[in-house]
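# Examination of the molecular architecture
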Amino acid sequence: MPIYEFECRKCGEMVMVTLSISEYEKKRRKCPKCGSVKLERIITSVEVKTSRKS
């Protein structure tokens, strides 16, 4: 499952959440520190593993 990173626009807290794609589209997340729903997604690097050698 993907790990999404968010930053709270109210208090600046960084939040990492593991969600399926369908959960990500449906759910509203709250900051665990201040309870605000003003979370902005942060785009980060991705690691991909394959079964074949390139």
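All of the points below concern the structure found in this document. Treat the numbers as computed from the prediction; the structure is a model and nothing was measured.

Conventions and cut-offs
Residues numbered from 1 in each chain as written. Predicted model: local features only at pLDDT ≥ 70, side-chain atom pairs only at ≥ 80, totals over all residues. Heavy atoms only, no water. Pairing = 2+ DSSP bridges. Helix = DSSP H or I, 4+ residues; strand = E, 2+ residues; numbered from the N terminus. Axes fitted to C-alpha atoms, helices over the stretch in contact; angles between N-to-C directions. Core = buried A, V, L, I, M, F, W, Y, C linked by side-chain atoms within 4.5 Å. Buried < 20%, exposed > 50% of the residue type's maximum accessible area, 1.4 Å probe, protein only. Contact = heavy atoms within 4.5 Å. Phe/Tyr/Trp six-rings, centres within 6.5 Å; stacked < 30°, edge-to-face > 60°.

Turning next to the sheet that holds strand S3 (residues 39–42). Pairing is antiparallel in the open sheet, where three strands are placed in the order S2-S1-S3. Taken across any chain shown, the strands that pair with only one partner, and hence form the sheet edges, are strand S2 (14–18) and S3. Taken over all neighbouring pairs, the strand axes of this sheet differ in orientation by 35° on average, direction set aside. Both strand S1 (residues 3–8) and S3 contribute to a ladder of four bridges, which runs antiparallel. When the bridges of S3 are listed, Glu5 appears paired with Ile42.

Quick look at the nonpolar core now. Membership of the largest hydrophobic core is limited to eight residues, which are Tyr4, Phe6, Cys8, Val15, Val17, Leu19, Cys31 and Leu39. Within the residue set of this core, elements represented by two or more residues are S1 and S2. Broken down by element, the residue count for this core peaks at three residues, all from S1. Those residues in contact with Tyr4 that lie beyond four places of it in its chain are Val15, Met16, Val17, Leu19, Ile21, Tyr24 and Arg41.

Bringing the environment of Pro2 into the picture now. Here Pro2 is to be found in the segment before S1. Sequence-distant contacts of Pro2, that is, excluding residues within four places in its chain, are made with Val17, Thr18, Leu19, Ser20 and Ile21.

On to the packing of aromatic side chains. This model, assessed by the stated rule, comprises two aromatic pairs. With 4.4 Å between their ring centres and 10° between their planes, Tyr4 and Tyr24 make a pair best called stacked. Taken together, the residues Tyr4 in strand S1 and Tyr24 in helix H1 (residues 21–26) connect sequence positions 20 residues apart. On the basis of relative accessibility, which here comes to 24%, the residue Tyr24 falls in the partly exposed class. Centre to centre, the rings of Phe6 and Tyr24 are 6.4 Å apart; their planes meet at 25°, and the pair counts as stacked.

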